[in-house]
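# Close look at the chain arrangement
Here is how the chains run, residue by residue.
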Amino acid sequence: MTLNRIAPEAARLARRPVLQAAVVADARCDDRAQYRDLLDRNRSAPPAIWAAQQAAAQKLCAACPARPACEELALRDGTGDRASDDLVRGGRRGQDLAIDREIRQSARIATAVTADWQQLLELAATARGAAGASVTDDVVIARDDNSMPVAA
């Protein structure tokens, strides 16, 4: 698996930093200002204009090497809403992302989000330990002057 050609299955199994690195390195929409009208709906745009923009965005995403990573991040981040059709991420409409996240893949997405948070907490604990912090069962205490504990 290389970052610039992450496969859909690899994206589902990857942790957030790997997904984010793939998107940052290779997303075709990297220049968000140029593609903002395609990816995010302008509320004053009529439905016919938005439909054309949405189709163009999905076409842009279809050829993007970071599409699977972008889609997975959108699912994990809670992007999209079943009640509104206002964005495209990873080649998917916001409504489709919401349906997948809430119904079709809810258990898998919840597990992935939990694993992402667990990894973040472990990294934070490791960083605090390296910086001279003490970790208790419920609270992390950072010692800023080695005498007075301060909640981190």
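Residues numbered from 1 in each chain as written. Predicted model: local features only at pLDDT ≥ 70, side-chain atom pairs only at ≥ 80, totals over all residues. Heavy atoms only, no water.

## With respect to the pattern of salt bridges
Counted according to the given criterion, the structure contains 15 salt bridges. The salt bridge involving Arg16 is made with Asp77; its shortest N-O contact spans 2.7 Å. One end of the pair, Arg16, is in helix H2 (residues 16–26); the other, Asp77, is in helix H5 (residues 67–77), and 61 residues separate them in sequence. A salt bridge links Arg104 to Asp100; its shortest N-O distance comes to 3.0 Å. Of the two residues, Arg104 and Asp100 both sit in helix H6 (residues 94–104), four residues apart, roughly one turn of that helix. (Salt bridge = Lys/Arg side-chain N within 4 Å of Asp/Glu carboxyl O. Helix = DSSP H or I, 4+ residues; strand = E, 2+ residues; numbered from the N terminus.)

## What to know about the environment of Asp116
Along the polypeptide, Asp116 turns up in helix H7 (residues 106–130). Along the primary structure Asp116 and Ala14 are separated by 102 residues, whereas in three dimensions their C-alpha atoms are 9.1 Å apart. In contact with Asp116, other than residues within four places in its own chain, are Ala14, Arg15, Arg16 and Arg76. In terms of polar contacts, Asp116 uses its side chain to reach the side chain of Arg76, at 2.8 Å. (Contact = heavy atoms within 4.5 Å. Polar contact = N/O pair within 3.5 Å; in protein donor to acceptor, adjacent residues only side chain to side chain.)

## Considering the nonpolar core
Of all hydrophobic cores here, the largest spans 21 residues; its most connected members are Ile6, Leu19, Cys29, Tyr35, Leu39, Ala69 and Val88. Secondary structure elements with two or more residues in this core: helix H1 (8–13), H2, helix H3 (32–39), helix H4 (47–62) and H5. The element contributing the most residues to this core is H4, with four residues. Setting aside residues up to four positions removed in sequence, Tyr35 forms contacts with Arg28, Cys29 and Leu60. Counting residues in hydrophobic clusters, the runner-up holds five residues, among them Ala74, Leu75, Leu97 and Ile109. (Core = buried A, V, L, I, M, F, W, Y, C linked by side-chain atoms within 4.5 Å. Buried < 20%, exposed > 50% of the residue type's maximum accessible area, 1.4 Å probe, protein only.)

## Quick look at H3
All of the buried residues in H3 are Tyr35, Leu38 and Leu39. Around the axis of H3, the buried residues are gathered within 80° of arc, so they sit on the same side. Of the surrounding secondary structure, the elements contacted by the buried residues of H3 are H4 and strand S1 (88–89). (Arc of directions from axis to C-beta.)

## Things to note about the packing of H3 against H4
Relative orientation of the contacting elements H3 and H4 amounts to 125°, with a least axis distance of 8 Å. Viewed along their axes, H3 and H4 adopt a mutual orientation that is oblique. Where H3 approaches H4, its residues Tyr35, Asp37, Leu38 and Leu39 are matched on the opposing element by Trp50, Gln53, Ala56, Ala57, Leu60 and Cys61. For the contact of H3 with H4, the class distribution of residues is eight nonpolar, one polar and one charged. (Axes fitted to C-alpha atoms, helices over the stretch in contact; angles between N-to-C directions. Parallel < 35°, antiparallel > 145°, perpendicular 65-115°, else oblique. Nonpolar A, V, L, I, M, F, W, Y, C, P; charged D, E, K, R; others polar.)

## Digging into the state of the cysteines
Going through the model one piece at a time under the given rule, you end up with zero disulfides. Unpaired in terms of disulfides, Cys70 finds its nearest cysteine sulfur in Cys29, a separation of 5.8 Å. (Disulfide = S-S within 2.5 Å.)

## Observations concerning the confidence of the model for the chain
Looking at the chain as a whole, its pLDDT mean stands at 84, while 84% of the residues score no less than 70. Low pLDDT, under 50, characterises residues 137–152; the stretch is placed with 21 contacts to residues that sit more than four places away or in other chains. (pLDDT = per-residue confidence, 0-100.)

## With respect to the packing of H2 against H5
It is at 9 Å that the axes of H2 and H5 come closest, and there the two elements cross at 130°. Judged by the inter-axis angle, H2 sits oblique to H5. Considering how the two elements wind past one another, H2 and H5 form a crossing that is left-handed. Residue-level contacts link Arg16, Leu19, Gln20, Ala22 and Val23 of H2 to Ala69, Cys70, Glu72, Leu73, Arg76 and Asp77 of H5. Class assignment of the residues belonging to the contact of H2 with H5 gives a composition of six nonpolar, one polar and four charged. (Left-handed = near helix turned anticlockwise from the far one by under 90°.)

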